[in-house]
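Single-letter residue listing:
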Amino acid sequence: MKKILFYALLPVAALLSLALTSACNSPVSQAKAASENPASRFKAKTDTATFAAGCFWCVDAQFSQLKGVDTVIAGFAGGHVKNPTYEEVCTGTTGHAEACNIIYDPSIITYDELLEAFFTAHDPTQLNRQGNDVGTQYRSAIFYHNASQEKKAEYYIKKLNDVNAYKNKIVTQVAPFTVFYEAKDYHQNYYNKNPEQAYCKYVIQPELEKFRRVFKDKLKNP
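Residues numbered from 1 in each chain as written. Predicted model: local features only at pLDDT ≥ 70, side-chain atom pairs only at ≥ 80, totals over all residues. Heavy atoms only, no water.

What to know about the UniProt feature "active site" (unreviewed entry) in the protein chain
The condition that has to hold: UniProt positions are given in the numbering used here, feature names are shortened, and annotations may be inferred rather than shown by experiment. The secondary structure listing takes helices from DSSP runs of H or I that are at least 4 residues long and strands from runs of E that are at least 2 residues long, numbered from the N terminus. Exposed residues in this analysis have more than 50% of their type's maximum accessible area, buried residues have under 20%, and partly exposed residues fall in between, with area computed by a 1.4 Å probe over protein chains only.
Summarizing the sequence annotation, UniProt attributes the feature "active site" (unreviewed entry) to Cys55 in the numbering used throughout. Mapped onto the fold, Cys55 is located in the loop between strand S1 (47–53) and helix H2 (56–63). Looking at Cys55, the relative accessible area reads 0%, which means it is buried.

As C-alpha cells, then:
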C-alpha cells in the first residue's frame with residue numbers, strides 16, 4: 001500500500017511564502033513554451049504545470065482543491081518507454097515518475113503559488129521515494145514547459161535551500177517537459193471517486209486535511 005507523509009508544517013510554510021515573495025520579485029524570463037502545452041486542450045487563458053510528488057492520487061486530490069486550478073490529470077512523465085502501463089511504471093524500470101498535469105488560470109493562481117503548494121505538499125528532500133513508497137517512480141520532480149518555469153523552479157529551490165526550509169537539501173529533479181502519458185480513467189480523481197477505499201480514507205484524507213489547513217485562503221471550497 002502506498003503511504004505519503006505530509007511536511008507542510010507552519011514554519012516551513014512561512015519560509016515557503018517568504019521565498020515565493022522573493023521569487024515573484026526576481027527578474028525571471030516570461031518566455032513562451034517552445035513545445036505543445038497540454039493547456040491548449042482547455043481554455044485559451046489556461047497554462048500547465050507538471051509536478052511529480054509521490055503518489056499521483058494524493059497530488060491530484062491536493063491540487064484540485066486550489067482556486068484557479070481548472071483540471072488535474074494524473075499520468076506518467078520523464079521516462080523512456082512509450083505508452084507505459086501503471087503496472088509497468090510501478091516496477092521502476094520505465095524511468096517514469098507518477099506525475100500530474102495541472103491546468104490552471106494564471107490570472108487566479110500563479111505558477112509561483114503552485115510551486116509553493118508543491119514544496120509544501122510533499123518532502124522534496126527524499127531521493128526516489130516518498131515515505132514508504134520507494135522507487136524512481138515516486139521521485140520529486142518539476143517538468144517545466146518553458147524557460148520561465150525552469151528559472152522559477154531553480155530559483156525557488158536555491159532560495160529554500162539558502163534559508164534552510166528543510167532539515168536536508170532539496171533533491172527535486174528539474175527537467176524539461178517532453179511526453180506525458182495520461183493514466184487510465186480509474187486513476188483520475190481517484191480520491192473523490194473512492195472516498196471509502198482504505199487508502200483514501202486513512203492515507204489521502206489526513207494529508208488532504210493538512211493541505212487544506214495550510215492553504216485555507218486559496219481553496220475553492222473553504
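With respect to the sheet that holds strand S8 (residues 180–182)
Going by this rule: Pairing between strands requires that DSSP locate at least two bridges from one strand to the other. Note on method: axes are straight lines fitted to C-alpha atoms, helices fitted across the in-contact stretch only, with angles between N-to-C directions ranging 0 to 180 degrees.
The strand order S7-S6-S1-S3-S2-S8 describes an open sheet built from six strands, whose pairing is mixed. Unpaired on one side and paired on the other, strand S7 (173–176) and S8 mark the two borders of the sheet. Strand-to-strand twist across the sheet, computed as the mean angle between neighbouring axes with direction ignored, equals 35°.

Some words on the pattern of salt bridges
The cut-off we apply is this: The term salt bridge refers to a pairing of a side-chain nitrogen on Lys or Arg with a carboxyl oxygen on Asp or Glu at a separation within 4 Å.
Within the structure shown, the criterion is met by six salt bridges. Salt-bridge contacts for Glu196 lead to Lys201; the nearest nitrogen and oxygen are separated by 3.5 Å. Here Lys201 falls in the partly exposed class, since its relative accessible area comes to 33%. Three or more residues joined by partner-sharing salt bridges are found here, namely Glu113, Glu116 and Lys218.

Considering the packing of aromatic side chains
Two descriptors summarise a pair of aromatic rings, namely the distance from one centre to the other and the angle between the planes of the rings. Note the following rule: For Phe, Tyr and Trp, rings pair up if their centres lie within 6.5 Å, where Trp contributes its six-membered ring, and each pair is then called stacked (planes under 30 degrees apart), edge-to-face (over 60) or tilted (otherwise).
The tally for this structure, following the rule as stated, stands at 11 aromatic pairs. On the basis of an interplanar angle of 35° and a centroid distance of 4.7 Å, the ring pair of Phe51 and Phe118 is categorised as tilted. With Phe51 in strand S1 and Phe118 in helix H4 (residues 111–121), this pair connects stretches of sequence that are 67 residues apart. Take Phe118: its relative accessible area is 1%, and that puts it in the buried class. On the basis of an interplanar angle of 40° and a centroid distance of 5.7 Å, the ring pair of Phe56 and Phe76 is categorised as tilted. Residue Phe56 is located in helix H2, and its partner Phe76 is located in strand S2 (residues 69–77); the two are separated by 20 residues in the primary sequence. In this structure an aromatic cluster arises from ring pairing among Phe51, Phe63, Tyr111, Phe118, Phe119, Tyr156, Phe211 and Phe215.

Overview of the nonpolar core
To be explicit about the condition: Think of a nonpolar core as a cluster: buried Ala, Val, Leu, Ile, Met, Phe, Trp, Tyr and Cys residues, connected wherever their side-chain atoms sit within 4.5 Å.
The biggest cluster of nonpolar side chains holds 47 residues, and the ones touching the most others in it are Phe51, Phe63, Leu66, Ile102, Leu114 and Phe119. In this structure, Ala52, Ala97, Ala175 and Phe180 belong to the second largest nonpolar core, which totals 10 residues.

Describing the confidence of the model for the protein chain
In plain terms, the rule: Per-residue confidence from the predictor is reported as pLDDT, which spans 0 to 100. We call two residues in contact whenever any of their non-hydrogen atoms come within 4.5 Å of each other.
Across the protein chain, pLDDT averages 87, with 80% of residues at or above 70. Counted against residues more than four places away or in other chains, residues 26–36, with its pLDDT under 50, gives 18 contacts.

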